[in-house]
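Remarks on the overall topology
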Amino acid sequence: MYDTNPTSSSNNSQYGGTGTGTQDQQQQQQYSQESDAASSAPRPAQSPAHREQIENASRMSGTNISEEEVDELLAELERDDKIPMVFRWDGGGRNVYITGTFNRWTEKIPMRRSGNDFLYIRELKRGKHAYKFIVDDEWRFAPEQPTVADPYGNINNFVDLSDFKETYGADMKSLHNKDHITDDSLYGNFHPDPEDPQWYAKEPPPLPPHLRHIILNTPQTDDCLVAKSMQVPEHVTLNHLYCSAIKENLMVLGVTQRYKEKFVTTVFYSPLPDAKIVGRAAAAAEKLRARGAT
Amino acid sequence: MDANAAANNGDASANANANATQRGYDSTLPAGVEADLEHRLQEMRMGGDGRRGSHDGGTSDEDNDDEDGADAVVAAFMTEADYAEQGGGAGANSGDGADGGGAGGAFDAQREGRRVISLFLRDSSCYDLVPHSSKVVVFDRNIPIRLSYYALVEHEIGAAPLWDPLSQTISGVITTLDFIDMLRHGHKSDTVVELLDSHSVSSWRSLVLQLFEDASMVQCLTEAGMPAVEAARLAAEELRERQAKEDFTSANAYSDLVSIDPESSLYDSCAALKSQKLHWIPIVDVKGQVCVGVLTHLAALQYLVTEFCEDRQLFEQPIQSLGIGTFATEGTSLHTATLNTPVHEILELLSVKQIWCVPILNRQRKPLAVYSRTNIIDLVSHNSIENSLDMPLGRLIFGESYGEHLIDGKPDTGKSSMHSDSTASGAESSLGLPSDMETTASESELGIPSRMRAHTCLVTDTLQQIFIKFAEVRVHSLLYVDDRGDLVGVITLSDLLGYFIDD
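Values in this document were obtained by computation on a predicted structure and should not be read as measured data.

A count of helices and strands for chain B gives 25 helices and 12 strands. For chain B, the share of sequence-separated contacts (at least 6 apart) that also reach a separation of at least 24 residues comes to 69%.

Listed below in structure tokens is the structure:
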């Protein structure tokens, strides 16, 4: 069962009529016909259930839905049940095309270069799909991807999407169902013990390379407007706090923020919270306050 | 004469002064109106001579020294009402408003120029001024004064907004004027060191305000071991004196300051700068708790010069006829100093006389340098701050190499052959200065730091030329000189922008 599309037979007969005599295309034609035969296999398991649902719904609402209308709705549902599939070719080449059962081997689809790879994304129906690459006019299959041999001994790649499950939606559901969030052992304000080497003896995680470029360390343009003009920051550095070494109990922090369409880098001079830097003045004020209270 | 002819025929290319503010831009007036205006201008020019006498009597005396044809005619363009409107001038023009009369209702380039610029300022917001990416330095109120001083020096800025960790807001701004006052009062009471080291910005301000409200606290505070009480007492006393003179604005230096919203117009912001006699206002988005920048006159001017478009000849009036700036008159002289003046005396002038800068003159009384409020950040670079205050300015600038012979006032013969134009502006040097200027060149040859360089302009320069000059040299003040190179006045950006703001 390489394809479950009920309309495949008509498509295929069309293709068969225009078939030419090259060996490759004959091979493809064979393959298509085979899948065509498979399309007479029973519908996917979901279909009867859906049909039942629709019929129940129509009974409940008191409206009569004809058999054709139900078919139409089912076809719609099937159209929606598509899985995005990423085809990848990493075997080099200059011009790479892909073709397969998903288009009845009818056309060469150019793949897009992405780095060293070539990619093609297509939404596919559930089921098995065979495909093959055409790399610089040569038919190739990807050896690291699953392969299947056709009756003529040609080797194609294939992918089986019959049991594909959407992970994203499913996980979100399970999260809501279970009460993970209330479990304090997983989420809480647990402070690791500073004495415990398990927590603090480890190497800190490496700094992402894009954060090494510090905007405050780059020279400013000599343009003293309202504020000193700076280089335009990379967006990944926004809202990251930079800190200079603490000197004389003074901490200098830098953070770049977006403000409307502009960027503001604030350099903030702050005393350490527990520092007694203004000791005498502060102490005298404290003494006076105490005296005033008594 | 030439300038006016160009104004009349409306041909920008014919005018040598065509420049940045006159880039291609459709005139806001329809052709018919323009023709009408030209006609009126023509009429006014005809009647100019008749009114001339009354104006010359009113303008300051430099005008009488050399009668210039163009100058006189342009002066005649002004109506009496305009004289009355002039703000920011020294005593020189104060009596003019009483003359009354004048050509009311006629087109007036001066009035129109003033109108279009205030319109432009109203249409621009502070947000427009902020660079695409910028740096703002913010101090916690509780950082020690000495460290905040060093931080200003490090970032080469004149003011920083203050963050109040209790209220979690930007609650004020610390400027070089604050430091000037601290150094002055500290110097007088001999407590500079403890003031700088033992006080935070916040504790100093609250101490001064405490003494301002209750002078009898001195004893009590001293007993409690509060540092620099004597300096604070002097500051509080001065504050009281100023308030007695109904000069409430100076009290702002110790209390919390206004900020402006990024969306407020440039006009309102400049009006706030003018009315509160400020040089810095933090631009704060209170909702977002973001300090976007600190507004200065210089920023406003640079924005104006780069963004403002006007192809009519509206700014050709000589600056002197507009009375923008402070001029020396017979009764009053400008506050000046020399290289021999001790630094603390200069600081005294800056703060007590409420002036932005003090021109530094050489022995021939020609301008040599300018010491402005922002120059106090240079006090750090040479010596400890506390030791710098008693030094003559020359020693501070040039270090030990500043000879005793100059301090004693003996003539310096060694380097008299050297020429210098480092302190002279283009306008000045093109005038063929008399020979006595050259003998003093040696002083400037010693190397006035670029931050103290005197930038000069002529009283006969047009408003437009002044704009360009300010944008070019990016300083807050220019010195007016006459054609002999003598100092006749000072213009600051506060004066210039204040001219476009109605009181």
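Let's shift gears to the pattern of salt bridges. All names here are of chain B. Considering all chains together, one arrives at 19 salt bridges over all chains under this definition. Among the salt bridges present, the one from K188 reaches E348, with a minimum N-O distance of 3.3 Å. Remark: E348 occurs in helix α17 (residues 343–352) and K188 occurs in helix α9 (residues 176–188); sequence separation between them is 160 residues. With relative accessibility at 47%, the residue K188 sits in the partly exposed group. Overall, the relative accessible area of 25% leaves E348 in the partly exposed class. Notably, a salt bridge pairs R484 with D486, separated by 3.5 Å at the nearest N-O pair. If you follow the salt bridges from partner to partner, you end up with D181, R184, K188, E238, R242 and E348 in one network.

A few words on the confidence of the model for chain B. Residues and elements named next belong to chain B. Averaged over all residues, the pLDDT of chain B is 73; the fraction at 70 or higher stands at 67%. The low-confidence segment residues 1–35, where pLDDT is below 50, has 53 contacts with residues more than four positions distant or belonging to other chains. Between residues 407–445, whose pLDDT stays under 50, and residues either more than four places distant or in other chains, the model counts 55 contacts. The ipTM for the predicted assembly is 0.71, set against a pTM of 0.60.

On to the packing of aromatic side chains, then. Under the counting rule described, the total for this entry stands at 17 aromatic pairs over all chains. Above the plane of the ring of Y127 of chain B lies K260 of chain A, whose end atom (NZ or CZ) is 5.7 Å from the centre. One Lys or Arg, R114 of chain B, reaches over the ring of Y499 of chain B and ends 5.3 Å from the middle of that ring.

Moving on: the sheet that holds strand β8 (residues 357–361) of chain B. Residue and element names in this part refer to chain B. Overall, mixed pairing links the 3 strands, which are arranged β7-β8-β9 in an open sheet. Of all strands in the sheet, those bounded by a partner on one side alone are β7 (337–338) and β9 (367–372). Summarising the sheet, β7 and β8 pair through 2 bridges and their orientation is parallel. By the bridge assignment, T338 is partnered in β8 with L361.

Contact with chain B, which involves 52 residues of that partner, is made by 40 residues of chain A. In this assembly, chain B packs against chain A so that about 3900 Å² is buried in total across both faces, 60% of it on carbon and sulfur atoms. For the pair chain B and chain A, the number of links is 1 salt bridge. Residue E263 of chain B is joined to K260 of chain A by a salt bridge in which the shortest nitrogen-to-oxygen separation is 2.7 Å. Viewed at the interface, chain A and chain B are joined by 17 residue pairs in polar contact (both at pLDDT 80 or more). Elements supplying a minimum of two residues to the side of chain B that touches chain A: α7 (126–129), β1 (133–140), α8 (145–155), α10 (192–198), α12 (217–223), β4 (281–285), β5 (290–295) and α15 (297–307) of chain B. Here the side of chain B that touches chain A gets 8 residues from one element, more than from any other, and that element is β1 of chain B. Among the residues making up the side of chain B that touches chain A, the classes are represented as 28 nonpolar, 13 polar and 11 charged. Bridging between strand β13 (residues 262–271) of chain A and β1 of chain B involves 7 bridges; their strand directions are parallel. Across the sheet, the residue bridging to V264 of chain A is S134 of chain B, located in β1 of chain B.

Take the sheet that holds strand β5 (residues 117–125) of chain A next. Residue and element names in this part refer to chain A. Across the sheet, which stays open at both edges, the 3 strands sit in the order β1-β5-β4 with antiparallel pairing between neighbours. Each edge of the open sheet carries a strand with a single partner, namely β1 (82–89) and β4 (112–114). In this sheet, adjacent strand axes meet at a mean angle of 40° when their direction is disregarded. Note that β4 and β5 share 3 bridges and pair antiparallel. Bridged to R112 within β5 is L119.

Taken residue by residue, α17 of chain B has V343, I346, L347, L349, L350 and S351 of chain B as its buried positions. Q354 of chain B sits one or two positions beyond α17 of chain B and adopts a positive phi of about 50°.

With that out of the way, let us pick up the nonpolar core. In globular proteins that are soluble, nonpolar side chains generally tend to be buried together. Ranked by size, the top nonpolar core spans 69 residues in total, and within it F139, W204, Y371 and L379 of chain B carry the most contacts. The next biggest cluster of nonpolar side chains, apart from the first, holds 66 residues, and it includes Y259 and V264 of chain A together with L304 and L478 of chain B.

Right, let's get into helix α24 (residues 463–473) of chain B. Burial of α24 of chain B is extensive: 8 of the 11 residues sit out of reach of the surface. Remark: R474 of chain B follows α24 of chain B within two positions and exhibits a positive phi of approximately 50°.

All names here are of chain B. At a closest axis distance of 11 Å, the pairing of α8 and α9 adopts a crossing angle of 135°. By the angle between their axes, α8 is oblique relative to α9. Considering the relative orientation of α8 and α9, their crossing is left-handed. Touching I145, S148, Y149 and L152 of α8 are F179, M182 and L183, all from α9. Classifying every residue of the contact of α8 with α9 by side-chain character gives 6 nonpolar, 1 polar and no charged.

This part is about the pairing of β5 of chain B. Residues and elements named next belong to chain B. Burial runs high along β5: 6 of the 6 residues are buried. The sheet contact formed by β4 and β5 spans 5 bridges and is antiparallel. Its bridge partner being in β5, I283 is matched across the sheet by G293. Here β4 folds back onto β5, and the loop between the two strands holds 4 residues, one of which, Q289, carries a positive phi near 55°.

Bringing a nonpolar patch on the surface into the picture now. All names here are of chain A. Residues F190, W199 and Y200 make up a contiguous nonpolar surface patch of roughly 390 Å² in combined accessible area. Inspection of the secondary structure puts F190 in the loop between α5 (167–177) and α6 (197–200). F190 gets classed as exposed once you look at its relative accessible area, which sits at 63%.

How two helices sit against one another is set out by the angle between their axes and by the gap between those axes. All names here are of chain B. Direction vectors running N to C along α9 and α17 enclose 125°, while the axes themselves pass 9 Å from each other. In terms of their interaxial angle, α9 and α17 are classed as oblique. Note on packing geometry: the crossing formed by α9 with α17 is left-handed. Contacts between α9 and α17 involve L177, I180, D181, L183, R184, H187 and K188 from the former and H344, L347, E348, L350, S351 and V352 from the latter. A breakdown of the residues in the contact of α9 with α17 according to their chemical character gives 6 nonpolar, 3 polar and 4 charged.

On to the pairing of β1 of chain A, then. Residue and element names in this part refer to chain A. Residues of β1 alternate between two faces, with I83, M85, F87 and W89 buried on one and K82, P84, V86 and R88 left unburied on the opposite face. The sheet contact formed by β1 and β5 spans 8 bridges and is antiparallel. Looking across to β5, one finds that R88 is bridged to L119.

Rules behind the numbers
Residues numbered from 1 in each chain as written. Chains lettered and ligands numbered in written order. Predicted model: local features only at pLDDT ≥ 70, side-chain atom pairs only at ≥ 80, totals over all residues. Heavy atoms only, no water. Helix = DSSP H or I, 4+ residues; strand = E, 2+ residues; numbered from the N terminus. Contact = heavy atoms within 4.5 Å. Salt bridge = Lys/Arg side-chain N within 4 Å of Asp/Glu carboxyl O. Buried < 20%, exposed > 50% of the residue type's maximum accessible area, 1.4 Å probe, protein only. pLDDT = per-residue confidence, 0-100. Phe/Tyr/Trp six-rings, centres within 6.5 Å; stacked < 30°, edge-to-face > 60°. Lys NZ or Arg CZ within 6 Å of the ring centre and 35° of its normal. Pairing = 2+ DSSP bridges. Buried area = accessible area lost by both parts, 1.4 Å probe. Polar contact = N/O pair within 3.5 Å; in protein donor to acceptor, adjacent residues only side chain to side chain. Nonpolar A, V, L, I, M, F, W, Y, C, P; charged D, E, K, R; others polar. Axes fitted to C-alpha atoms, helices over the stretch in contact; angles between N-to-C directions. Core = buried A, V, L, I, M, F, W, Y, C linked by side-chain atoms within 4.5 Å. Parallel < 35°, antiparallel > 145°, perpendicular 65-115°, else oblique. Left-handed = near helix turned anticlockwise from the far one by under 90°. Patch = residues over 30% accessible without salt bridge, like charges linked within 9 Å, V, L, I, M, F, W, Y side chains within 5 Å. Areas by Shrake-Rupley, 256 points an atom, 1.4 Å probe, with all protein chains shown as cover.

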